[in-house]
Amino acid sequence: MKIGIFDSGIGGLSVLKEVAHYMDRYDIYYLADRLNAPYGNKTKQEVYSYCEAIVNEFLSIDIDTILIACNSATAMAIDELRSNFPQIRFFGIEPFINVINLRPELISKRGVCLTTQLTADSNRFKYLQQKYDANHTLEYRTSKMLAKLIEEAFDSGRLDTHKIEEEIKSSVFTKSTKDSFDYIILGCTHYPFVSEVFEKVLGTTSISPCAHVAKHMASCLVNKLDETQEIRDYFYFRDTSKAATKEQWRIVKKENLKGFPFF
Ligand code: DGL
């Protein structure tokens, strides 16, 4: 039972954490495409070609279930991947706009959704907005730098909270005096790692779909589950910017995901 998970970088580890919790008997392979990160400022064609190479790598190690743990890559590539790789079961992640319909307590509150520019410009995102937020309940913002700053923090081993706060402020606040929010929807998988910074800067709660995605995936794969398999306390990790060969998967203990920068 193998699952492949990927993102442009370490962002998708926020989803892996949940997947590892709900699907603890699976062998999870996480590929961080840091060589090509960030995806958020790339073209659709570029992102598709990165995803295609990753899918081929997963196929070469017999993985037939893949979670695209990246909003930008899901938006740009999941439809084409599904039609070009029918033998693979794909799951993706999208900004959790539908939360406004699922949590009645949010009805009277002001919410904002933050994504990369690529996600914001995508047809899938426009479709989500029409489907779940036809009355324009939410405000929408993009950030150019935040995912990159979080990647840099992973490299340096420390979060530059000041820079991150500044980027959040300049992305979320326009010049409007009406800019005050009760909650923020984190529409990029990098953002949950700095949810506390969001909450401090904006004075709001933050919402991410990671646990929902993992639960949904676990329920879809329930027939595949082999309960005789041992529970895994580790996963496999590969960083495309570091490993010299495709065989260099590193074993990482799941407990390392508790604190940033993890490992
Ligand atoms: N983590 C990714 C997402 O969810 C993208 C960040 C990036 O590479 O720009 O959109």
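Residues numbered from 1 in each chain as written. Predicted model: local features only at pLDDT ≥ 70, side-chain atom pairs only at ≥ 80, totals over all residues. Heavy atoms only, no water.

For the protein, an unreviewed UniProt entry supplies the name Glutamate racemase and the organism Halobacteriovorax vibrionivorans.

A. Structural detail: the overall build of the protein. Looking only at helices and strands, one finds ten helices and ten strands in the protein. Taken over the C-alpha trace, the protein has a radius of gyration of 18 Å; the compact-globule value for 263 residues is 18 Å, and the two agree within 12%. Principal axes of the C-alpha set define a box for the protein whose edges measure 55 × 40 × 35 Å. Here the protein holds 263 residues, and 52% of them are scored as buried. (Helix = DSSP H or I, 4+ residues; strand = E, 2+ residues; numbered from the N terminus. Rg over C-alpha atoms; globule rule 2.2 N^0.38 Å. Buried < 20%, exposed > 50% of the residue type's maximum accessible area, 1.4 Å probe, protein only.)

B. Representation of the site of the ligand within the structure. Around the ligand, a shell composed of 13 residues is seen, among which S8, Y39, G40, S72 and H190 lie nearest. G40 places a main-chain nitrogen or oxygen 2.8 Å from an oxygen atom of the ligand. Here H190 contributes a side-chain N or O atom positioned 2.8 Å from a nitrogen atom of the ligand. Protein chains bury 99% of the 300 Å² of accessible surface belonging to the ligand in isolation. Judged by the proximity of its atoms to the pocket grid, the ligand belongs to the largest cavity. (Near = heavy atom within 4 Å. Polar contact = N/O pair within 3.5 Å; in protein donor to acceptor, adjacent residues only side chain to side chain. Areas by Shrake-Rupley, 256 points an atom, 1.4 Å probe, with all protein chains shown as cover. 1 Å grid on protein atoms, 1.4 Å probe; cavity = no way out; pocket = protein on both sides within 12 Å on 5 of 7 lines; lining within 4 Å. Sits in = over half its atoms within 2 Å of the grid points.)

C. How the structure looks around the side chain of T115. Note on placement: T115 falls in strand β5 (residues 111–115). Among all residues touching T115, those that are not within four sequence positions of it are P95, A120, F125, R141, T142, S143, G187 and Y191. (Contact = heavy atoms within 4.5 Å.)

D. Representation of the layout of surface pockets. Of the pockets and cavities examined, the largest pocket occupies roughly 500 Å³. Along the wall of the largest pocket there are 21 residues; nearest its centre are G92, I93, E94, V213 and H216. Broken down by secondary-structure element, the contributors of at least two residues to the lining of the largest pocket are α3 (71–84), α6 (123–132) and α10 (210–220). Ranked by residues supplied to the lining of the largest pocket, first place goes to α6 with five residues. A class-by-class count of the residues in the lining of the largest pocket yields twelve nonpolar, five polar and four charged. Space inside the second largest pocket adds up to approximately 280 Å³. Among the secondary structure elements, those contributing two or more residues to the lining of the second largest pocket are α1 (13–22), α9 (195–202) and α10. Tallied by class, the residues present in the lining of the second largest pocket amount to eight nonpolar, three polar and three charged. (Points joined across faces, edges and corners; volume = space filled by probe spheres on them. Nonpolar A, V, L, I, M, F, W, Y, C, P; charged D, E, K, R; others polar.)

E. Examining α1 more closely. Buried residues of α1: L13, S14, V15, L16, V19 and A20, and no others. Where the residues of α1 are buried, they touch β1 (2–7), β2 (27–32), β3 (65–68), α10 and β9 (234–239).

F. Looking closely at α9. Among the residues of α9, those classed as buried are S195, V197, F198, V201 and L202. All buried residues of α9 project into a common sector of 160 degrees when viewed along the axis, lining one side. Away from the buried face of α9 by more than 90 degrees, exposed residues E196 and K200 are located. Looking at the buried residues of α9, the elements they touch are β5, α7 (146–156), α8 (161–172), β7 (183–186) and β8 (205–207). Where α9 terminates, the next one or two residues include G203, which has phi positive at roughly 65 degrees. (Arc of directions from axis to C-beta.)

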